[in-house]
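Take a look at the letters that make up each chain.
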Amino acid sequence: VSVYIVVGSRDFPPGFKFGAATAAYQIEGAWNVSDKSPSVWDKHIHAHPERVIDVSNGDIACDSYNKWQRDVEIARELGLHFYRFSIAWSRLLPKGYANYISEAGKKYYNDLIDALLEKGIEPLVTLYHWDLPQSLQDLGGWTNPLVSDWFADYARVAFSLYGDRVKTWITLNEPVMYCDIAYNTAVLAPGIYSPGRGSFLCNKHSIIAHAKAWRIYDEEFRPKYNGKISLANQIAWLEPATEEDIEITDITRQFLIGMYSHPIFSKEGGWPPVIEKIIAEKSKKEGLNHSRLPPFTQEEIELVRGTYDFFGFNYYTSRTVATAKEGDKIGPWPYTGSSDIGVHLTVKPEWKSAATKWFFIYPEGLRKQLSWLKKVYGDIEIFITENGFASYDSGLDDQDRIQYYKDHLEQVLLSIKEDGVKVTGYTAWTLIDNFEWMDGYKSKFGLYQVDFEDPERKRTPRASAHYYASIIKSHSLDVDVNVKISDEL
Ligand code: PNW
């Protein structure tokens, strides 16, 4: 008699890693302690407090600069394999340049990394999560081509200081946000409106900066430390609104995804040809002698092509795509469409909205996007560097967040098992409630609640923290969704 036991259909592959993420400006506070200099976010929000929904800022945030030991404890309580956090450039290098390293900044990240490793948690470090030193912004920031060298120098400092212990690096987080969205709306720092100009310069120089940092790691550090490095791209799944919109959807994908991926991940490198052509033609019609999209030289194309060890993918939401018609209502922020490609982005009525104005829930979009990445860039390793749920409810019994994680992790499993996509890790956004950019402290993403009225910034696990911890522990989705809330994990 043979007994067949069906096990493991909802198991994650052995070696699959689970973690959670944060970013420096959103949690650290201590914006001006010791020799730290202001970043573009310090400056932007101090100058325009009214632009943040609850007129708040990141001056104190979760006070993780002082309370980081509790954060490490939380990562341990959750059983995380890794904790993804970012280094504040202006904390480590207050002058922006590599010839002056802050002792306090250096120590802060050193202690954090050591404490994580002591608890068996891998540090996964983002070098740039939107907080450029303001002094570099004063020289044009990401629109100045020299920024790629400033960034590369900064990256080398971080690799030298921490590379012996940090084995996974993210150069840039979501350049689409701080380039395309920032310069097309002026809402995000640095608050400059320069659509189709600043956005493209920022895009190009970010790609080059990433590539230079990757090559420095590859040549100077990989031989002794043997780690991995890539960037994290945020991608909203884009679905054609009707059969007629398939072509415009492909163009839009090249505009919102390809502009940050094609130069690095495609075989031929460089800008997506379709976008290069569109912008060149438009620029000509506008009476310009040069395309508004700065070209890559052949040398730059070669510098950038192939500078990845995996694809870092942040996923939250989806959009539908249609050719823009006169009278279209503007779609939800931030993908309001670009006049450069004449497209209208909106959502399906059945995609439920979450707290913040841009958030519409479509778990299948995650699986579809993973397949698209495999189809377009090949059978590469994909690491989900962010995924998580926004609520306005700050309570502990967050069943809606549990549902979000369950539905999205199900899609990850399907992608791995049915579609054969090489997804090797998953990162929950976010460890603890924090400063959610223009949404201030109003929308909550945390597995742990933070009491922002409390000077101690007390952190308390939500139901979703218990749920996520049980998934990690069992390495499977076969866990009870009916979790009890308690103060302790
Ligand atoms: C990301 N969208 O931003 C950032 O990496 C985090 O810093 C941020 O807190 C988190 O996701 C939640 O917002 C996003 O419009 C901003 O689709 C906007 C979108 C997605 C992610």
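Please read all numbers here as calculations on a predicted model, not as lab measurements. (Residues numbered from 1 in each chain as written. Predicted model: local features only at pLDDT ≥ 70, side-chain atom pairs only at ≥ 80, totals over all residues. Heavy atoms only, no water.)

Caption draft 1: Just the sheet that holds strand β9 (residues 343–346), in detail. The three strands are arranged β6-β8-β9 in an open sheet whose pairing can be described as mixed. Lying at the two open borders of the sheet, with one neighbouring strand each, are β6 (237–240) and β9. Strand-to-strand twist across the sheet, computed as the mean angle between neighbouring axes with direction ignored, equals 35°. Sheet topology places β6 next to strand β8 (residues 318–323); four bridges connect them, and they run parallel. By the bridge assignment, Pro 240 is partnered in β8 with Val 321. Packed on one face of the sheet, helix α10 (residues 246–265) meets β6, β8 and β9 and runs near 165° to β6. Across the sheet, helix α13 (residues 363–377) touches β6 and β8, and the angle it forms with β6 is around 95°. (Pairing = 2+ DSSP bridges. Helix = DSSP H or I, 4+ residues; strand = E, 2+ residues; numbered from the N terminus. Axes fitted to C-alpha atoms, helices over the stretch in contact; angles between N-to-C directions. Contact = heavy atoms within 4.5 Å.)

Caption draft 2: Expanded view of the state of the cysteines. Per the stated rule, a full pass over the model turns up one disulfide. Note that Cys 179 is cross-linked by a disulfide to Cys 202, the S-S spacing being 2.0 Å. Given an S-S torsion of about -65°, the disulfide between Cys 179 and Cys 202 has left-handed geometry. One end of the pair, Cys 179, is in helix α8 (residues 175–185); the other, Cys 202, is in helix α9 (residues 198–225), and 23 residues separate them in sequence. This pair shows no difference in class: Cys 179 is buried, exactly as Cys 202 is. (Disulfide = S-S within 2.5 Å. Buried < 20%, exposed > 50% of the residue type's maximum accessible area, 1.4 Å probe, protein only.)

Caption draft 3: Inspection of the site of the ligand at higher detail. Gln 26, His 129, Pro 334, Glu 436 and Trp 437 are the nearest of the 17 residues found near the ligand. Between an oxygen atom of the ligand and a side-chain N or O atom of Trp 437, the distance comes to 2.9 Å. Grouping the constituent residues of the shell around the ligand by class yields nine nonpolar, five polar and three charged. (Near = heavy atom within 4 Å. Polar contact = N/O pair within 3.5 Å; in protein donor to acceptor, adjacent residues only side chain to side chain. Nonpolar A, V, L, I, M, F, W, Y, C, P; charged D, E, K, R; others polar.)

Caption draft 4: Region of interest: the UniProt feature "active site" (unreviewed entry) in the chain. Using the residue numbers shown here, the UniProt feature "active site" (unreviewed entry) corresponds to Glu 386. Residue class for Glu 386 comes out buried when judged on its relative accessible area of 4%. Dropping the residues within four chain positions of it, Glu 386 is found in contact with Arg 84, His 129, Asn 173, Glu 174, Phe 313, Asn 314, Tyr 315, Tyr 316, Thr 427 and Trp 429. A polar contact is formed between the side chain of Glu 386 and the side chain of Arg 84, at a distance of 3.1 Å. (UniProt positions renumbered as here; feature names shortened; annotations may be inferred.)

Caption draft 5: Structural view of the environment of Lys 357. Along the chain, Lys 357 turns up in the loop between β9 and α13. Beyond its immediate stretch of four places on either side in the chain, Lys 357 contacts Pro 332 and Trp 333.

Caption draft 6: Local environment of helix α5 (residues 103–118). Compared with an ideal rise of 1.5 Å per residue, which puts 16 residues at 22 Å, α5 spans 22 Å between its outermost C-alpha atoms and is within 8% of the ideal. When α5 is considered as a whole, its buried residues turn out to be Gly 105, Tyr 108, Tyr 109, Asn 110, Leu 112, Ile 113, Ala 115 and Leu 116. As for α5, its buried residues are in contact with α1 (24–27), α3 (64–78), β2 (82–86), α4 (89–92), β3 (122–128) and α7 (147–162). Looking at where α5 begins, the residue whose side-chain oxygen comes 3.3 Å from the main-chain nitrogen of Ala 104 is Ser 102. (Expected span 1.5 Å × (residues − 1).)

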